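Now for the letters of each chain:
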Amino acid sequence: MNVRFFLAAAFCSITVLSFGQANNTSTYDPHALFAPNFYPFGGTPTRAADGAPGAAYWQNRADYQVAVSLDDKTNIIKGSVTITYKNNSPQALAFLWLQLDQNLFNSESRGQARMPVGARSRYGDAGSNFDGGYKISAVKLLANNSNADYIITDTRMQIRLPKAMKAGGETIKIKIDYSFTLPKYGADRCGILSTKEGDIYAVAQWYPRLCVYDDVLGWNTNPYLGPSEFYCEYGDFDFSITAPSNHIVVASGELLNPAEVLTATQLRRMAEAKNSDKTVIIRSAGEVADPASRPTQTPTLTWKFKMTNARDIAWASSKAFIWDAAKINLPGGKKALAQSVYPIESDGDTKWGRATEYTKGSIENYSKRWLAYPYPVATNVASNIGGMEYPGIVFCGSNASRGGLFGVTDHEFGHTWFPMIVGSNERKYGWMDEGFNTFINSLAEQDFNKGEYASAKRSKEGMAKNLFGANSEGIMYTPDAMKEGNIGNALYAKPGYGLQLLRDYVLGPERFDYAFRTYVHRWAYKHPTPWDFFRTMDNAAGEDLTWFWKGWFVENYKLDQAIGGVTYEKDKPANGAIVTLLNLQQMAMPVLLTYETRSGVKGTKSLPVEIWNNTGTFKVKLNTTEELQSVTIDAEKQFPDVKMDNNVWTATQAASPGN
């Protein structure tokens, strides 16, 4: 409902010192924002009303054994994956759905079909003649070594089982033989960077993966189109990569056979790095082209890795890698390894020479703030990918330097917590990983090296106009359904900014951090929905925040707070001033008032959001004893007010003709 406030009537009994605010038109309806029916349903057996996993919460599991080889002449990756899938659900499953994400790069894919003509996209090129995707040579059910009945639809495979999987824990094993050609630029998720000393292969979405079957939608089978990322089951991974013997291979998880693939010198340096807070060079720039930096001159070597309780794995391979590493210190005395690999072009203290320092700092900080880093290694790879995250490994731009390299490193490793640990559905709710991560990055930049790359506190005036402009979109849209130019705002900046406001101005850091940490611990290695997050924050903070969730996350409401006028009690300044506040748009926020008297006395007053829960006009008394010179709402411009010029009242303006 639209509400029009007639300010002249409201002010008829008092002397008004205003500056033309009487003509302000309000669209604010407090009943829409503060209605008590925000949550669409109560608690369920699987998801409790307080936001925790319910007593009957269940989750399926997928374990993987993968063995592939890389041909650096053809860029073909070929091998097989054996999947052990466990049905913990209460439903029998007559069929399975798998993700075939490399099929995005098939020239006939849905994602390729929606690429804009004549415009640049992060996710593909309408004019590309690359024709990639999986070539599936066999799909076997291993219980009886029979050929599976399957169909492939774009980026998905359905396996139709001869007998339904029983509910409550039955397992099935499937083996798939496949190959694909790695694209040079794979939607900024994977790709090949050409360098002076050789190509760098950044490999992701490289094996068929189970779709998630959950208690919310059943099978989650949205196709992979590029913008919307991933939703994966948790499991253990045993995998091997056979690459040319002059390559260094890094991957998610622990390297199981270092003695077979590293030189004696590299083994010694690695042992030193695992106990060093300073970066240790494993393979120097001068050794990159030296055949002695590899343990054998045989054509290939096989690198073996293991990763436990993860939702995905990725890897990188190149003969061009410089390699360095250092120790990560984790809570409880545990340790992990930070390492970086990069080409000679990226070497130097202003470039990737500090990448391991940034990786170490990021992991240690988030481990203390939220939850301990769970993997044995954190690997940073210089690539042609601007920034992309996987469990235990990230790909960042090889040209990044200084604060830019710190920022992308911190952001991508921040994704360890969202969505690698807290496994939300990125395909549908991109803000639950990108926005949360943007928020924790804002804290981390203050923490790293005494704020070396900390951003100065800036006015949000321009940001508010950008986030809530005429072409803006709401946070709750899927990334695929957003205009590509809005993804940065709607999925990253706006939710990150919103959580900063919630922490700094609504709950306060102590209450917010406790509630946010509760969410992380509750949903670690599980699959939360937006409602689980909202409910957890409400309950753990002890605050009904549904007005905030609705205005900021569910809807695309705007904020416009204004000062309607200033009067004095019984027309005498000695009795105190009465300030009329207006809420002109549908979003509401607390009010931060600052004021100054004629003689220069300054003061502040904070008002909670509840002043707006039944009205769009609110009067507040300031206990002053003389005339006011000025009154300002949000003097530091930290709230997303779309029209800040009506946030200030001055005596000079009030006395001007026509006011």
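Residues numbered from 1 in each chain as written. Predicted model: local features only at pLDDT ≥ 70, side-chain atom pairs only at ≥ 80, totals over all residues. Heavy atoms only, no water.

Draft legend 1. Quick look at the pairing of strand β29 (residues 602-607). Judged from the six bridges that link them, strand β28 (residues 591-597) and β29 form a sheet pairing that is antiparallel. From the neighbouring strand, Y595 faces β29, where its bridge partner is G603. Here β28 folds back onto β29 in antiparallel fashion, the turn holding four residues, of which G600 has a positive phi close to 100 degrees. (Pairing = 2+ DSSP bridges. Helix = DSSP H or I, 4+ residues; strand = E, 2+ residues; numbered from the N terminus.)

Draft legend 2. Inspection of the pairing of strand β2 (residues 76-87) at higher detail. Pairing between strand β1 (residues 61-71) and β2: 11 bridges, direction antiparallel. Residue pairing for β2: A67 is matched across the bridge by S80. In the sheet, β2 pairs with strand β8 (residues 170-181) via 12 bridges, with the strands oriented antiparallel. Within β8, the residue paired with Y85 across the bridge is I172.

Draft legend 3. Main features of the sheet that holds strand β12 (residues 209-210). What the four strands build is an open sheet, ordered β6-β7-β3-β12; its pairing is antiparallel. The outermost strands of the open sheet, each flanked by one partner alone, are β6 (149-153) and β12.

Draft legend 4. Representation of unusual backbone geometry. Looking along the chain, the bond that leaves F418 and enters P419 is cis, with omega of 20 degrees. Along the chain, P419 turns up in helix α8 (residues 416-421). At D634, a residue that is not glycine, the phi angle is positive and equals roughly 55 degrees. Given a relative accessible area of 5%, D634 falls into the buried group. Backbone geometry places K637, a non-glycine residue, at a positive phi of 55 degrees. Relative to the helices and strands, K637 resides in the loop between β31 (628-633) and β32 (648-650). Taking the relative accessible area as the measure of exposure, K637 reaches 30% and is therefore partly exposed. (Buried < 20%, exposed > 50% of the residue type's maximum accessible area, 1.4 Å probe, protein only.)

Draft legend 5. Here's a closer look at the packing of helix α13 (residues 530-541) against helix α14 (residues 546-554). Relative orientation of the contacting elements α13 and α14 amounts to 145 degrees, with a least axis distance of 10 Å. Handedness of the α13/α14 crossing: right-handed. Across from W531, F533, F534, M537 and D538 in α13, the residues of α14 making contact are T546, W549, F553 and V554. Residue composition of the contact of α13 with α14, by class: seven nonpolar, one polar and one charged. (Axes fitted to C-alpha atoms, helices over the stretch in contact; angles between N-to-C directions. Left-handed = near helix turned anticlockwise from the far one by under 90°. Contact = heavy atoms within 4.5 Å. Nonpolar A, V, L, I, M, F, W, Y, C, P; charged D, E, K, R; others polar.)

Draft legend 6. How the structure looks around the packing of aromatic side chains. Applying the stated criterion across every chain yields a total of 58 aromatic pairs. Ring centres of W431 and F436 lie 5.7 Å apart, and the angle between their planes is 85 degrees; this geometry places the pair in the edge-to-face category. Of the two residues, W431 and F436, both sit in the buried class. Ring geometry for F439 and F516: centres 5.5 Å apart, planes at 80 degrees, overall edge-to-face. Of this pair, F439 sits in helix α9 (residues 431-447) while F516 sits in helix α12 (residues 509-523); the two residues are 77 residues apart in sequence, bridging distant segments of the chain. Take F439: its relative accessible area is 0%, and that puts it in the buried class. Across the ring face of Y39, the terminal group of R535 is positioned such that the distance to the ring centre comes to 4.4 Å. (Phe/Tyr/Trp six-rings, centres within 6.5 Å; stacked < 30°, edge-to-face > 60°. Lys NZ or Arg CZ within 6 Å of the ring centre and 35° of its normal.)

Draft legend 7. View of α12. Spanning 15 residues, α12 covers 21 Å between terminal C-alpha atoms, matching the ideal 21 Å at 1.5 Å per step. Within α12, the full set of buried residues consists of F512, D513, A515, F516, T518, Y519, V520 and W523. Contacts from the buried residues of α12 go to α6 (355-369), α8, α9, α11 (487-507) and α13. Just downstream of α12 lies Y525, where phi reads positive at about 65 degrees. (Expected span 1.5 Å × (residues − 1).)

Draft legend 8. Representation of the pattern of salt bridges. The full count for this structure, using the stated rule, is 26 salt bridges. The shortest N-O distance in the salt bridge between D72 and K73 comes to 3.4 Å. Looking at D72, the relative accessible area reads 23%, which means it is partly exposed. Taking the relative accessible area as the measure of exposure, K73 reaches 70% and is therefore exposed. K637 is paired through a salt bridge with E461; the nearest N and O atoms lie 3.1 Å apart. Taken together, the residues span a long stretch of sequence, with K637 in the loop between β31 and β32 and E461 in helix α10 (residues 461-467) at a distance of 176 residues. Judged by its relative accessible area of 23%, E461 falls in the partly exposed class. Linked by salt bridges that have partners in common, D101, R209, D312 and R427 make up one network. (Salt bridge = Lys/Arg side-chain N within 4 Å of Asp/Glu carboxyl O.)

Draft legend 9. The arrangement of the layout of surface pockets in detail. Space inside the largest pocket adds up to approximately 790 Å³. Taken together, 25 residues form the lining of the largest pocket, with S442, E445, S455, K460 and Q500 sitting closest to its centre. Of all elements in the fold, only α9 and α11 reach the threshold of two or more residues within the lining of the largest pocket. With nine residues, the single largest contributor to the lining of the largest pocket is α11. (1 Å grid on protein atoms, 1.4 Å probe; cavity = no way out; pocket = protein on both sides within 12 Å on 5 of 7 lines; lining within 4 Å. Points joined across faces, edges and corners; volume = space filled by probe spheres on them.)

Draft legend 10. Structural view of the sheet that holds strand β20 (residues 315-318). Pairing in this open sheet of five strands is antiparallel, and the strands run β9-β10-β11-β20-β16 from one edge to the other. A single partner strand is all that each edge strand has here, and the edge strands are β9 (185-186) and β16 (248-251). Both β16 and β20 contribute to a ladder of four bridges, which runs antiparallel. Looking across to β20, one finds that A251 is bridged to W315.

Draft legend 11. Summary view of the environment of G616. Topologically, G616 is positioned in the loop between β29 and β30 (617-622). Given the relative accessible area of 1%, G616 is considered buried. For the pair formed by G616 and T356, sequence separation is 260 residues and the distance between their alpha carbons is 52 Å.

Interpretation in functional terms is not warranted from these geometric data alone.
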